[in-house]
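Survey of secondary and tertiary structure
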Amino acid sequence: MFGYLTGFDRDLFEQFDQMRREMDALFNSLSAPLGIRSSAAGSFPAINIGASPKQVDVYVFAAGLDPASLDVSLQQNLLSIAGERKVEVPEGTQVYRRERFNGSFRRVITLPEDVDPDQVSANYRDGVLHITVQRKEEHQPRKIEVK
Amino acid sequence: MSENKAMKAAESTQMQARPEQEMILRPPVDIYEDASGITLKADLPGVSKDRLSVQVEGNNLTIEAQAVIEMPEGMEALYADVTATRFRRSFTLSNELETDKIQAEMKDGVLSLHLPKRAELQPRKIQVQ
């Protein structure tokens, strides 16, 4: 009862948020490629994956990271992203809200099987880590000329 | 915006059935106070300095931002945790804060705001003789 009274703002909105995420997971077939190694919805950092015929783009939404502390590796088509974010609050302050993620994280993503592990690039800008992996040429659609 | 378009292209048949509605993200924040004022930090990944607005109207502080993400042509979404690119969040301020002296800094997608307290309201240490 007291939990309901005191935690009203946070809990109610979190419940809505949770509900929305569950609905999304239910209706959203887009969550398939993460497979058995995927993290729970809402884990830090959020990730988007896009595919075009030539490349696969992975966007990791992780603000306030030191790019040097990031560990990104690709083993065949298994991309793993690990790092740590330290959110420091100065001593002697009164803290009202701590919602930002603090600690270490790891996410492993299964990319399409035709990616080329030798052609990867990554850059970090405005708090988004953008990883581009080229796809192997033999898998790219070819136009066949009709004579 | 362009991200939304990519999403729509990937699942256009499903999207048509749903009403058109713009999603707005609520950024996570840390808020803490010391003798000089209140510090607010917000995670806004993908937002550059020029796509951010911090506004004070009366006692209301509103943070609005737009994330921009580069995408190659013909991209289809395989997976998406983030399905919106707009951020918005508001806070009610109290009178002892000097709203015309708010300092804002943006670095690596993290917004830091410092809201100073009026000098006359800052706690002073009284020396006992």
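See the structure above.
Residues numbered from 1 in each chain as written. Chains lettered and ligands numbered in written order. Predicted model: local features only at pLDDT ≥ 70, side-chain atom pairs only at ≥ 80, totals over all residues. Heavy atoms only, no water.

To continue, consider the interface of chain B and chain A. Listed per partner, the contact involves 38 residues of chain B and 44 residues of chain A. With both chains or domains summed, chain B and chain A bury close to 3,400 Å², and 55% of this area falls on carbon and sulfur atoms. If you look at where chain B meets chain A, you find 6 salt bridges. Note that Asp30 of chain B is salt-bridged to Arg100 of chain A, the shortest N-O span being 3.4 Å. For the interface between chain B and chain A, the tally reads 22 residue pairs in polar contact (both at pLDDT 80 or more). Secondary structure elements with two or more residues in the side of chain B that touches chain A: α1 (2–10), β1 (29–33), β2 (37–43) and β5 (76–80) of chain B. For the side of chain B that touches chain A, the per-class residue count stands at 21 nonpolar, 5 polar and 12 charged. (Contact = heavy atoms within 4.5 Å. Buried area = accessible area lost by both parts, 1.4 Å probe. Salt bridge = Lys/Arg side-chain N within 4 Å of Asp/Glu carboxyl O. Polar contact = N/O pair within 3.5 Å; in protein donor to acceptor, adjacent residues only side chain to side chain. Helix = DSSP H or I, 4+ residues; strand = E, 2+ residues; numbered from the N terminus. Nonpolar A, V, L, I, M, F, W, Y, C, P; charged D, E, K, R; others polar.)

Below, the discussion takes up the environment of Tyr124 of chain A. Within the fold, Tyr124 of chain A resides in strand β7 (residues 115–125). Residue Tyr124 of chain A is classed as buried on the basis of its relative accessible area of 17%. Considering only alpha carbons, one finds Tyr124 of chain A and Pro67 of chain A, 57 residues apart in sequence, at a separation of 6.6 Å. Dropping the residues within four chain positions of it, Tyr124 of chain A is found in contact with Ala62, Ala63, Gly64, Leu65, Pro67 and Leu129 of chain A together with Asp108 of chain B. Polar contacts involving the side chain of Tyr124 of chain A include one to the main-chain carbonyl oxygen of Ala62 of chain A, which spans 2.6 Å. At a separation of 3.3 Å, a polar atom in the side chain of Tyr124 of chain A contacts the main-chain amide nitrogen of Gly64 of chain A. (Buried < 20%, exposed > 50% of the residue type's maximum accessible area, 1.4 Å probe, protein only.)

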